[in-house]
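# Overview (structure and organization)
Listed below are the residues making up each chain.
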Amino acid sequence: MTLTEIRIHGRGGQGNVVAANLLAMSAFETGRYGQAFPNFGAERRGAPVVAFVRIADQTIQRRCQIQTPAFLIIQDEALLHIPGVTDGLLPGGKILVNSSRSAAELPVPEEAEMISLSASSIAKQYLGRPVPNTALLAAFLSLTGLFPIDALIKVLAHKFSGEILEHNTQLIQAAAQEVPAGKWQEAVHATGY
Amino acid sequence: MQQAIEGSLAIARAVALCKPQVVAAYPITPQTHIVENIARLVADGVLDCNLVSVESEFSAASVVLGAAAAGSRTYTASASQGILLMSEVLYNIAGLRIPTVLTCANRAVSSPLSIWNDQQDSMAVRDAGWIQLYCADNQDAVDTTIQAFRIAERCELPVMVCVDGFTLTHTLEPMEIPEAEQVEHFLPPYHFSRSLDPQNPISVGTLVSPDLFSEARHSHHQALLNAEAEIISAAEDWAKISGRKSPGLLQADGPEGARIGILIMGSVYGTLADARSHYTDLEPVRLIKLRSFRPFPVKALQQACEGLDELIVLDRAMSPGSGGILGNEVRAALHQMEHLPRIHNFAIGLGGRDVPMDALPKLLAAIDQEQPEYFSVFDVVLDRLPEQDR
């Protein structure tokens, strides 16, 4: 079984759980098995929150938290300074962070690779709101080639229509262009069998 | 149709397919999404039912009691403190032999305050006289919810469907949501034999003198024991319609000749099953997933433990001053077995403590000692405690 484990860090109100759910639902759209669940702490806006995503080619039975992810998606660069956020990242693990600064200016853990994306400003440009989650997911899919971004657009089309869907589609396509496609393809990590 | 949705939404849809006429609930984490989703289904016209907003869980249970006694199919959901606040009414519902279905989104009980998952809440009302069924995953929760209405109505007993809070209720994963026709075929319209009717007045809940009380208690106990057959037949009949097997009372799986068994209720089963395939160098393990805690299936349990030398019983709750609740019941149930396995009892995953994959090798290592563990909290870190509390 090929199992990819992803941990998403954000702040309450940034759509962290939504991001995890969208990723798992997109995996399902492409015939894979996706599992997403949150780890709620204090339920208030601005508090650090974590969500987990597992993607596999068959049923996922385990329900424990993801301690050793192959990928981290970080919705707020300030979270990089909070203890525990990058803990357990597998050697050679990848970090996608929402930041207007380049990865060279950010604290990168040893043996990890980081790519930054100005997700909030992309979202502001296309949606008028600085919600970074869908831009980060689009970039993540482009980097890893896990599955095409069309799956993500398809999932959004179940929820939205008209102008909102159109803006989201434009945002996803634009964000995917911002990162080198397929760069993390080989890191799609088999942590299962 | 297979869909990737959150557990709570799936449970809400399963409830809606059973067409309850009255739903009353008070929000409490982690049950909230279930009731929110039911409210949305009512607002969208998918479910035609009387959704009663109440000011407490005590009222939620009371509304359900009254409505069910008057002949309506009813549903409620709660967790943790909510279950405790309901507890007086829960005993009444069961003693009056009122059929209803309640989802318990299992959560720890205060104090210390915790919103996270264990099974202390449903365990606290284990003697209330309800049927209690524990779900291992969200598909199980969907299928068990549908079966619960039929079991409740055939047995004239309330059914508590226990679903691990967050671990299942807040997990999105692919699952099969049944078609309306499948449920219609399985679950006939509700007719309550003792329905309140102004044309034929009866009294419900009257004083029972010492002369009859023991008989009332005996017949309630007997009704729970008899429910085993209905739980099994509901699982079998639903499997014929849905194509999916439910475990009935329990399910045991693993390599033949396994001499170690692990017994668990709820969602930790999945992690242990996954770990069993993952750690290939471990001794073979038989996993026993106990679905029906009330009635407690003594015979089926003895059969499931046949041939085992060691049995690890995992509690997701505890009785301070005594130890494991499930552990003690299993000891009592198995004591007449000819070849009684050594029973090791641990509480695990209390108040949301993660149960990781390596819990399996650690558990197997923990039983390699002269005397079996009577009871301990498996993942406790004693160094954090003052000397006298260790």
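Residues numbered from 1 in each chain as written. Chains lettered and ligands numbered in written order. Predicted model: local features only at pLDDT ≥ 70, side-chain atom pairs only at ≥ 80, totals over all residues.

### Thoughts on the overall build of chain B
For chain B, the count of helices and strands is 12 helices and 15 strands. The globule rule puts the C-alpha radius of gyration for 390 residues at 21 Å, and the 21 Å found for chain B is close to it. The buried share of chain B, taken over its 390 residues, is 53%. Long-range contacts, defined as pairs at least 24 residues apart, comprise 81% of the intrachain contacts of chain B with a sequence gap of at least 6. (Helix = DSSP H or I, 4+ residues; strand = E, 2+ residues; numbered from the N terminus. Rg over C-alpha atoms; globule rule 2.2 N^0.38 Å. Buried ≥ 20, exposed ≤ 12 C-beta atoms within 10 Å, placed from the backbone. Contact = placed C-beta atoms within 7 Å.)

### Comments concerning the overall build of chain A
Along the backbone of chain A there are 5 helices and 6 strands. The globule rule puts the C-alpha radius of gyration for 193 residues at 16 Å, and the 15 Å found for chain A is close to it. When the 193 residues of chain A are sorted by exposure, 49% land in the buried category. The long-range fraction of contacts in chain A, counting pairs at least 24 apart against all pairs at least 6 apart in sequence, stands at 58%.

### Quick notes on the pairing of strand 10 (residues 260-264) of chain B
Residue and element names in this part refer to chain B. Burial runs high along strand 10: 5 of the 5 residues are buried. Residues Ile260, Ile262 and Ile264 point to one face of strand 10 and Gly261 and Leu263 to the other, with burial holding for every one of them. In this structure, strand 10 lies alongside strand 11 (residues 285-290), joined through 5 bridges in parallel fashion. Pairing of Ile264 across the sheet is with Lys289, part of strand 11. For the crossover that starts at strand 10, traverses helix 9 (residues 268-278) and ends in the parallel strand 11, the hand is right-handed. Where strand 10 and strand 13 (residues 310-315) come together, 4 bridges link them in parallel fashion. Following the sheet pairing, Ile262 is matched in strand 13 by Ile312. (Pairing = 2+ DSSP bridges. Right-handed = clockwise from strand over helix to strand, strands pointing away.)

### Here we look at the pairing of strand 11 of chain B
Within a regular beta strand, the side chains point alternately toward one face of the sheet and then the other, so they alternate between its two faces. Residues and elements named next belong to chain B. Buried residues dominate strand 11, accounting for 6 of its 6 residues. Of the two faces of strand 11, the one carrying Val285, Leu287 and Lys289 and the one carrying Arg286, Ile288 and Leu290 are both buried. Summarising the sheet, strand 9 (residues 250-253) and strand 11 pair through 4 bridges and their orientation is antiparallel. Within strand 11, the position partnered with Asp253 by the bridge is Leu287.

### Topic: the packing of helix 2 (residues 119-127) of chain A against helix 5 (residues 162-177) of chain A
All names here are of chain A. Put simply, helix 2 and helix 5 touch, their axes get as near as 9 Å, and they point 145 degrees apart. Helix-helix and strand crossings are classified by hand; for helix 2 and helix 5 the assignment is right-handed. Residues Ala119, Ile122, Ala123, Tyr126 and Leu127 of helix 2 pack against His167, Gln170, Leu171, Ala174 and Ala175 of helix 5. Grouping the constituent residues of the contact of helix 2 with helix 5 by class yields 8 nonpolar, 2 polar and no charged. (Axes fitted to C-alpha atoms, helices over the stretch in contact; angles between N-to-C directions. Left-handed = near helix turned anticlockwise from the far one by under 90°. Nonpolar A, V, L, I, M, F, W, Y, C, P; charged D, E, K, R; others polar.)

### Regarding the sheet that holds strand 7 (residues 159-164) of chain B
All names here are of chain B. One open sheet holds the 7 strands; their spatial order is 3-2-4-5-7-6-12, and the pairing between them is mixed. Sheet topology places strand 3 (50-53) and strand 12 (292-294) at the edges, where each strand pairs with a single neighbour. Strand-to-strand twist in this sheet, taken as the mean axis angle between neighbours without regard to direction, amounts to 20 degrees. Two strands pair when backbone bridges link them, and strand 5 (residues 101-106) and strand 7 are joined in this way by 6 bridges, in the parallel orientation. Bridge pairing in strand 7 links Ala105 to Val163.

### As for the sheet that holds strand 15 (residues 376-377) of chain B
All names here are of chain B. Judged by pairing direction, the sheet is mixed, and its 6 strands sit side by side in the order 9-11-10-13-14-15 without closing on themselves. Sheet topology places strand 9 and strand 15 at the edges, where each strand pairs with a single neighbour. Sheet topology note: the strand 13/strand 14 (residues 342-347) ladder contains 6 bridges and is parallel. Opposite Leu314, over in strand 14, you have Phe346 as the bridge partner. Relative to the sheet, helix 9 contacts strand 10, strand 11 and strand 13, its axis offset from that of strand 11 by approximately 165 degrees.

### Things to note about the packing of helix 4 (residues 149-159) of chain A against helix 5 of chain A
All names here are of chain A. At a minimum axis separation of 10 Å, helix 4 and helix 5 run at an interaxial angle of 160 degrees. Classified by the angle their axes make, helix 4 and helix 5 are roughly antiparallel. Crossing of helix 4 against helix 5: the hand is right-handed. In this structure, helix 4 uses Ile149, Leu152, Ile153, Leu156 and Ala157 to contact helix 5, whose residues at the interface are Leu165, Asn168, Thr169, Ile172 and Ala176. Tallied by class, the residues present in the contact of helix 4 with helix 5 amount to 8 nonpolar, 2 polar and no charged. (Parallel < 35°, antiparallel > 145°, perpendicular 65-115°, else oblique.)

### Considering the confidence of the model for chain B
Detailed reading of the predicted coordinates is not advisable wherever pLDDT falls low. Here chain B averages 97 in pLDDT, and 100% of its residues register 70 or above. This complex was scored by the predictor with a pTM of 0.97 and an ipTM of 0.95. (pLDDT = per-residue confidence, 0-100.)

### Structural notes on unusual backbone geometry
The phi torsion of most residues other than glycine is negative, and most of the peptide bonds are trans. All names here are of chain B. Across the junction of Thr29 and Pro30, the peptide omega takes the value 0 degrees, indicating a cis bond. With respect to the helices and strands, the residue Pro30 is situated in the loop between strand 2 (22-25) and helix 2 (32-43). Although it is not a glycine, Lys19 adopts a positive phi angle of roughly 50 degrees. Mapped onto the elements, Lys19 comes out in the loop between helix 1 (7-17) and strand 2. Given 18 C-beta atoms within 10 Å, Lys19 falls into the partly exposed group. Located in the positive-phi region is Arg97, a residue other than glycine, with phi close to 55 degrees. Assignment of secondary structure puts Arg97 in the loop between helix 4 (80-95) and strand 5.

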